[in-house]
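# Fold and contact review
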Amino acid sequence: MSHNWFSNQTGIYTSKHPQITLPSDPFLDIVSFIFSRKHTGTTALIDAASGFSISYNELEPLVKSIATGLHYNMGVSKGDVVLILLPNSIYYPVILLGVLYLGAVVTTMNPLSSFSEVKKQTLGLHVNVGFCLSHRADELSSVRIQPVSVPENVAYDVNEPRFAMFFKLISGDHDVVLRQTVIRQDDTAAIMYSSGTTGASKGVVLTHKNLISGVEVFVRFEASQYEVRPEDNVYLAVVPMFHIYGLILFTMGILSLGTKIVVMKKYSVDETVRCIDTYKVTHVPSVPPLVSALTKAGKGLFGRRLMSLVQVSCGAAPLSTRTIYEFMQCFPHVDFIQGYGMSESTAVGTRGFNTRDVHKYASAGLLAPNMEAKVVDWVTGSNLPPGKTGELWLRGPAIMKEYLNNVGATSSTIDNEGWLHTGDIVYFDQDGYLYIVDRVKEIIKYKGFQIAPADLEDVLTSHPAILDAAVTGARDEEAGEVPVAFVTKRPGIEVSESSVIDFVAKQVAPYKKVRRVIFTNVIPRSAAGKILRRKLKDKLYSRL
């Protein structure tokens, strides 16, 4: 069967969607790009708990105020790195866009990250300023990062001393002429941390061009497929903004459309249901556990609630066919789509589109505009046609610049022709839809969050009773995967499973906690010393 979107000669898959013309001006930053998009939206961001909102008329002045204050009050200039260590908040996009408008570089972290994790990530970045909740300000100060305490309650007391700097930044005079440094599309805008295909977490360097591409070929293109105006939609921001998925959607792309965003600080299924009904939410970008939770909630509501929903989309990790089927049975009026992307591809890859073909719901959709792909036999290196399973390679304008200060990891992930080797095992069907089969990569996906086994292994081997350690993921119905540690004890020293679990838990974010410990005489390794995780998985499942 011949396809005009696949070449037998080159092995390249091209998007079935028309090419999108991206901005050609080399001197364009992501923030100017976002605010140059015309729309008629009124309310930009709503705090789900209180109803407090920021309008589109207020948004740009607030962003410029943050940028001006960071420069004149805190000495931040182009190229300096600013940390955002915050949960979702209506202030999150304002802070992030303010940093980028200045030409500074943003790096984000899970607000539940441990102090040692924060210290490790920021050490090589030379972070100047960090936005955090007030109880973490002293931690940042201790590693020479100027903290800015951001209030958890949006209607905060402006006279409270701990919020003085934040109030000064956000209420400053944005009309003060900020000597706008020249920012190029090729300049670094963000450093996101990802496990990549193997090893410890690495800094993914994204440029303004990458972010503009993500906004255009992911968010704005998807919105162009709707029959209603973007201004008439209401999105629920429950996935975290520190993750590339939430970052591209809620701090950038959707704000360029004039769409209303309802922001939840902390996830709970009851609060999610309440927000959808209260604010007449139409779109919920989600991850697998949220889809499952919505389905369970929906079964108990018997069609009396959640009727405003138009679309639920899912990304960050694969979803089982059974979960998809149950969701569709429960919400027949809701369009369900999945997508595929990585931090290294600025969340761009594939996206599902309003199809009522039940077989396509299990796919990750069609290649995004301007993107190319290959499916490669990971043993022989040969290119594979539709229907054949191999490793996915991606190429396009959203592919990262590099891994920060890691030439080896960069060259092994992006080849000299610009192909990003994703480490995911996939196939395209005869209609061009992508299906995720498995992973070559070692990372563990817990509720959509990435966990690098190497990061946990570093923590484990710092325990005085542990000689060697290896971590792999075990399948879990609710979370997708959970980390399991294989541990070799030092001779003559006793240590229990619970004490190892507690030791790790004190040093990592809660989602990274080891859930089981299996004591073993030896960790299986290759001749080169590489941990053979497939053997660990075989050992794990033989015990079940």
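Residues numbered from 1 in each chain as written. Predicted model: local features only at pLDDT ≥ 70, side-chain atom pairs only at ≥ 80, totals over all residues. Heavy atoms only, no water.

## Here's the deal with the sheet that holds strand 7 (residues 146–149)
Spatial strand order, 7-6-4-5-8-9-19: seven strands in an open sheet with mixed pairing. Edge positions in the sheet fall to strand 7 and strand 19 (402–403), since each of these pairs with one other strand and no more. By the bridge criterion, six bridges tie strand 8 (residues 188–194) to strand 9 (residues 202–207) in an arrangement that is antiparallel. By the bridge assignment for strand 9, T188 is matched with T207. Sheet strands touched by helix 7 (residues 208–224): strand 8 and strand 9. Its angle to strand 9, the strand with the most contacts, is close to 75 degrees. (Pairing = 2+ DSSP bridges. Helix = DSSP H or I, 4+ residues; strand = E, 2+ residues; numbered from the N terminus. Contact = heavy atoms within 4.5 Å. Axes fitted to C-alpha atoms, helices over the stretch in contact; angles between N-to-C directions.)

## Some remarks on the packing of helix 2 (residues 56–74) against helix 3 (residues 91–101)
The geometry of helix 2 relative to helix 3 is characterised by a closest axis approach of 8 Å and an angle of 60 degrees between their N-to-C directions. The pairing of helix 2 with helix 3 is recorded here as oblique in orientation. Between helix 2 and helix 3 lies a crossing of right-handed hand. Seen from helix 2, the contacting residues are L59, L62, V63, K64, I66, A67 and L70; seen from helix 3, they are V94, I95, L97, G98, V99 and Y101. Split by residue class, the contact of helix 2 with helix 3 holds 11 nonpolar, one polar and one charged. (Parallel < 35°, antiparallel > 145°, perpendicular 65-115°, else oblique. Left-handed = near helix turned anticlockwise from the far one by under 90°. Nonpolar A, V, L, I, M, F, W, Y, C, P; charged D, E, K, R; others polar.)

## Overview of the environment of E497
Relative to the assigned elements, E497 resides in helix 14 (residues 497–505). Residue classification places E497 among the partly exposed residues on the basis of a relative accessible area of 34%. Distance from E497 to V487, taken between C-alpha atoms, is 9.5 Å for residues 10 residues apart in sequence. Apart from residues lying up to four places away in sequence, E497 is in contact with R516, V517 and F519. Only 2.9 Å separates the side chain of E497 from the backbone nitrogen of V517, close enough to count as a polar contact. (Buried < 20%, exposed > 50% of the residue type's maximum accessible area, 1.4 Å probe, protein only. Polar contact = N/O pair within 3.5 Å; in protein donor to acceptor, adjacent residues only side chain to side chain.)

## A word on the pairing of strand 7
Here four bridges tie strand 6 (residues 127–132) to strand 7, and the two strands are oriented parallel to one another. If you follow C132 over to strand 7, its bridge partner there is S149. Chirality of the crossover, the property in question, places the unit of strand 6, helix 5 (residues 137–142) and strand 7 among those that are right-handed. (Right-handed = clockwise from strand over helix to strand, strands pointing away.)

## Here we look at the layout of surface pockets
Taken as a whole, the second largest pocket encloses approximately 800 Å³ of empty space. If you trace the second largest pocket, you find 37 residues lining it, with Q121, Y193, S201, D455 and K512 closest to the centre. When residues of the lining of the second largest pocket are traced back to their parent elements, those giving at least two are helix 4 (115–123), strand 8, strand 9, strand 23 (449–451) and helix 13 (453–460). Looking at the lining of the second largest pocket residue by residue, the classes come out as 16 nonpolar, 15 polar and six charged. (1 Å grid on protein atoms, 1.4 Å probe; cavity = no way out; pocket = protein on both sides within 12 Å on 5 of 7 lines; lining within 4 Å. Points joined across faces, edges and corners; volume = space filled by probe spheres on them.)

## A short note on empty space enclosed by the protein
Inspection of the entire model under this criterion finds three cavities of 30 Å³ or more. Along its surface, the largest cavity is lined by F218, V219, E222, A223, Y226, Y235, L249, H283, P285, Q311, S313 and R351. The set of elements that each furnish at least two residues to the lining of the largest cavity consists of helix 7, strand 12 (283–286) and strand 13 (311–314). Top contributing element to the lining of the largest cavity by residue count: helix 7, with four residues. Taken together, the residues of the lining of the largest cavity sort by class into seven nonpolar, three polar and two charged.

## Brief notes about unusual backbone geometry
Despite not being glycine, H126 shows a phi value in the positive range, around 55 degrees. As for its placement among the helices and strands, H126 is situated in the loop between helix 4 and strand 6.

## Remarks on helix 4
Listed in full, the buried residues belonging to helix 4 are E117, V118, Q121 and T122. One side of helix 4 carries all its buried residues, which in axial view fall inside an arc of 115 degrees. Set apart from the buried face of helix 4 by more than 90 degrees, the exposed residues are K120 and L123. In this structure, the buried residues of helix 4 make contact with strand 4 (81–85), strand 5 (105–108), strand 6, helix 5 and strand 8. (Arc of directions from axis to C-beta.)

## A closer look at the nonpolar core
Core analysis: the largest hydrophobic core is formed by 137 residues, its most contacted members being I30, L70, Y91, F131 and M252. When residues in this core are grouped by element, the largest group, nine residues, is from helix 3. Residues within four places of M252 in sequence aside, it is in contact with I30, I34, L96, L97, L100, L211, V215 and L247. Within the second largest apolar cluster, 28 residues are counted, among which are V281, L294, V334 and Y361. (Core = buried A, V, L, I, M, F, W, Y, C linked by side-chain atoms within 4.5 Å.)

## Regarding the side chain of D468
Positionally, D468 belongs in strand 24 (residues 466–476). Contacts of D468, omitting those with residues within four sequence positions, involve T461, F486, V487, T488, I523 and R525.

## Notes on the pattern of salt bridges
Pairing is possible between side chains of opposite charge, provided their charged atoms come close. This model, assessed by the stated rule, comprises 14 salt bridges. Of the charged contacts, one joins E271 and R274 as a salt bridge, the two residues approaching to 2.8 Å between their closest N and O atoms. Taken as a pair, E271 and R274 lie in helix 9 (residues 269–278) at a separation of three residues, close to a single helical turn. (Salt bridge = Lys/Arg side-chain N within 4 Å of Asp/Glu carboxyl O.)

## Focus: the pairing of strand 5
Alternating residues of strand 5 divide into V105 and T107 and V106 and T108, and every residue in both groups is buried. Judged from the four bridges that link them, strand 4 and strand 5 form a sheet pairing that is parallel. Looking at the pairing, V82 lines up with V106 of strand 5. Once the chain exits strand 4 it traverses helix 3 before rejoining the sheet at strand 5, and the crossover so formed is right-handed. Where strand 5 lies against strand 8, two bridges are found, and the strand directions are parallel. Residue pairing in the sheet places T107 in a bridge with I191 of strand 8.

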